[in-house]
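Analysis of the macromolecular model
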Amino acid sequence: MAAETRERILEAARLTVQDRGYGGLSFRELAAEVGIKSASIHYYFPTKGELGGALASRYTADFAAYLDALLEQELDLPTCMARYTDVFGNTLRNANRICLAASLAAELSELPDEVRIEVARFGRMNENWLARALSAGVAAEPEECRRRARAIFAAVTGAQLIARARGDTALYDEVIASYRASGLLP
């Protein structure tokens, strides 16, 4: 029961942060949404920083597991990259939300250290995974793969932010298609 309650809190917190940011995360509102008392949230997460850190850590771990499963499927690179960009697009299509780490990164100077650390870890994890995907089965310079991976991650995140700001998920797909046409995305 306790593990289930903790997961419900984390899920409700994820959706809130993806929609309203870290600053929009309120223990009182979160408790009402989950159907528990505000004091109960403090039992699981004594501080907002601990909740944010746990949330970002779980998000990174879940995202990494999904990405690693893509590599294990031995998909061709264009299919693998399409599935990667689809995750960000699907997040937008879920009530115009954005990647949790992107939402948190926008408020970086206001975040407690434990959350900042996890946001940076998410970015590094994405860049490392993209570099691995780009280099799989191809003779490429590791540093070139790393630079391209960083550019892809920045471009996909930027496309998501632009589409969200305009409330137009089709814009995300249009920008991603232009990245593919230009050769940035395989």
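Calculation notes
Residues numbered from 1 in each chain as written. Predicted model: local features only at pLDDT ≥ 70, side-chain atom pairs only at ≥ 80, totals over all residues. Heavy atoms only, no water. pLDDT = per-residue confidence, 0-100. Helix = DSSP H or I, 4+ residues; strand = E, 2+ residues; numbered from the N terminus. Phe/Tyr/Trp six-rings, centres within 6.5 Å; stacked < 30°, edge-to-face > 60°. Buried < 20%, exposed > 50% of the residue type's maximum accessible area, 1.4 Å probe, protein only. Lys NZ or Arg CZ within 6 Å of the ring centre and 35° of its normal. Salt bridge = Lys/Arg side-chain N within 4 Å of Asp/Glu carboxyl O.

This paragraph deals with the confidence of the model for the chain. Confidence in the prediction of the chain, expressed as mean pLDDT, is 94, and 99% of residues score 70 or more. Summarising per-element confidence for the chain, the mean pLDDT is lowest in helix H3 (residues 38–44) (92) and highest in helix H9 (residues 169–182) (97).

Before going further, it helps to spend a moment on the packing of aromatic side chains. By convention here, two paired aromatic rings are described through the distance between centres and the angle between planes. Counting across every chain of the model gives eight aromatic pairs. Ring plane angle 35° and centroid distance 5.4 Å describe the contact between Tyr 59 and Phe 122, whose orientation is recorded as tilted. Linking Tyr 59 in helix H4 (residues 48–72) with Phe 122 in helix H7 (residues 113–135), this pair joins segments that are 63 residues apart in sequence. Here Tyr 59 and Phe 122 have matching classes, each one buried. The structure contains a cluster of three or more aromatic residues connected by ring pairs, namely Tyr 59, Phe 63, Tyr 84, Phe 88, Phe 122, Trp 129 and Phe 153. Between the NZ or CZ atom of Lys 48 and the centre of the ring of Tyr 22, over which it lies, the distance is 4.5 Å.

It is possible for side chains of opposite charge to pair when their charged atoms get near one another. Summed over all chains, the structure comprises 12 salt bridges. Glu 29 is the partner of Arg 20 in a salt bridge, and the nearest nitrogen-oxygen pair spans 2.9 Å. Between Arg 150 and Glu 127 there is a salt bridge whose closest N-O contact spans 3.2 Å. Of the two residues, Arg 150 sits in helix H8 (residues 142–166) while Glu 127 sits in helix H7, which places them 23 residues apart along the sequence. Using a relative accessible area of 40% as the deciding quantity, one classes Arg 150 as partly exposed. Through salt bridges with shared partners, a single network forms among Glu 7, Glu 11, Arg 14 and Arg 58.

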